[in-house]
Amino acid sequence: MNDDTGPMELDLGRVETRSTFSFDRTFDLPTPEGGNATCAVAVSATVTRSASSFSIEARAKGSIRAECHRCLGSSELPVDTAFTFILNRGGESPPPEGAEEEDIVSIPVTGESTFDLYPRVREALILEIPIKLLCREDCRGVCRKCGANLNEGECGCDPAIGDPRWGALKKFLNGENKT
């Protein structure tokens, strides 16, 4: 497991009107089938302060490395995702024009002056992982009989021989199983 996930802390106390922050991280992400994918990203964030809130525009750019779902070889997916959200200090206030309610995070007035961006970055990257990760669009997968990677060449198995698990159904459809 790769875990270089130290916090991606935004020091809100040093933001007068506008500040930028950047982080380089490598960490594991869960995949849809329950495995792990290694993610290496560069994150940049711009924080803009207003009276009682902070608008954060962040971008994560890098790659996600995981196993191809067809051939089980190594697959690398480039990622470039951006997201925006608002940190609201104190009580509830209506969302600014164009902002969705789920893009607003409330933080206590007396709380610390830092905010960890890592959970938001992780969430944005998980949403970028496709359900079926492929090493290439035309991946041929593996032979279902011998397990050879068909991207590296033909395996020599006879394609006419079907999957033996369907043998009983094949006999039934051919009328061989008459009682």
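Keep in mind that what you see is a predicted model, and the values were worked out from it rather than measured.

A. The side chain of S53, seen in detail. With respect to the secondary-structure elements, S53 resides in strand β4 (residues 53-67). Not counting chain neighbours up to four residues away, the residues in contact with S53 comprise T48, I86, L87, N88 and R89.

B. Examining the packing of aromatic side chains more closely. Inspection of every chain in the model, using the stated rule, returns 3 aromatic pairs. Ring centres of F27 and Y118 lie 5.2 Å apart, and the angle between their planes is 85 degrees; this geometry places the pair in the edge-to-face category. Of this pair, F27 sits in strand β2 (residues 18-30) while Y118 sits in helix α1 (residues 118-126), and the two are 91 residues apart along the sequence. Neither F27 nor Y118 differs from the other in exposure class; each is buried. An aromatic cluster of at least three residues, connected via ring pairs, comprises F83, F85 and F115. In this structure, R120 is placed above the aromatic ring of F85, and the distance from its NZ or CZ to the ring centre is 4.6 Å.

C. Structural context of the state of the cysteines. Considering all chains together, one arrives at 0 disulfides under this definition. The structure places no disulfide on C135, whose sulfur is separated from the nearest cysteine sulfur, that of C71, by 3.8 Å. Assessed through its relative accessible area of 29%, C135 is described here as partly exposed.

D. Seen up close, the nonpolar core. Grouped together as the largest cluster of nonpolar side chains are 32 residues, with contacts concentrated most on L10, L117 and L125. Going through the elements one at a time, β2, β3 (36-49), β4, β5 (74-89) and α1 are the ones with two or more residues in this core. Look past the residues within four positions of L10 in its chain and what remains in contact with it is F21, F23, A45, V47, I56, S113, T114, F115 and L117.

E. Here's a closer look at α1. Residues of α1 that are buried include every one of Y118, R120, V121, A124 and L125, and no others. Taken end-on, α1 shows its buried residues confined to a sector of 165 degrees, consistent with a single buried face.

F. Representation of a nonpolar patch on the surface. On the surface, a nonpolar cluster with roughly 510 Å² of combined accessible area is contributed by W166, L169, F172 and L173. Look at W166 and you get exposed, because its relative accessible area is 57%.

G. Structural context of the environment of S50. Relative to the helices and strands, S50 resides in the loop between β3 and β4. Here the alpha-carbon distance between S50 and T17, two residues 33 residues apart in the chain, equals 7.2 Å. A polar contact of 2.8 Å, which involves the side chain of S50, links it to the side chain of S53.

H. Structural detail: the confidence of the model for the protein chain. Scored by pLDDT, the protein chain comes out at a mean of 82, with 80% of its residues at no less than 70. Mean pLDDT across the elements of the protein chain ranges from a minimum in strand β6 (residues 104-107), with 61, to a maximum in β3, with 92.

I. Just the environment of N88, in detail. Tracing the chain through its elements places N88 in strand β5. On the accessibility criterion, N88 (4% relative accessible area) is buried.

J. Fine view of unusual backbone geometry. Residue L72 is not a glycine yet carries a positive backbone phi of 65 degrees. Checked against the element boundaries, L72 lands in the loop between β4 and β5.

Criteria and cut-off values
Residues numbered from 1 in each chain as written. Predicted model: local features only at pLDDT ≥ 70, side-chain atom pairs only at ≥ 80, totals over all residues. Heavy atoms only, no water. Helix = DSSP H or I, 4+ residues; strand = E, 2+ residues; numbered from the N terminus. Contact = heavy atoms within 4.5 Å. Phe/Tyr/Trp six-rings, centres within 6.5 Å; stacked < 30°, edge-to-face > 60°. Buried < 20%, exposed > 50% of the residue type's maximum accessible area, 1.4 Å probe, protein only. Lys NZ or Arg CZ within 6 Å of the ring centre and 35° of its normal. Disulfide = S-S within 2.5 Å. Core = buried A, V, L, I, M, F, W, Y, C linked by side-chain atoms within 4.5 Å. Arc of directions from axis to C-beta. Patch = residues over 30% accessible without salt bridge, like charges linked within 9 Å, V, L, I, M, F, W, Y side chains within 5 Å. Areas by Shrake-Rupley, 256 points an atom, 1.4 Å probe, with all protein chains shown as cover. Salt bridge = Lys/Arg side-chain N within 4 Å of Asp/Glu carboxyl O. Polar contact = N/O pair within 3.5 Å; in protein donor to acceptor, adjacent residues only side chain to side chain. pLDDT = per-residue confidence, 0-100.

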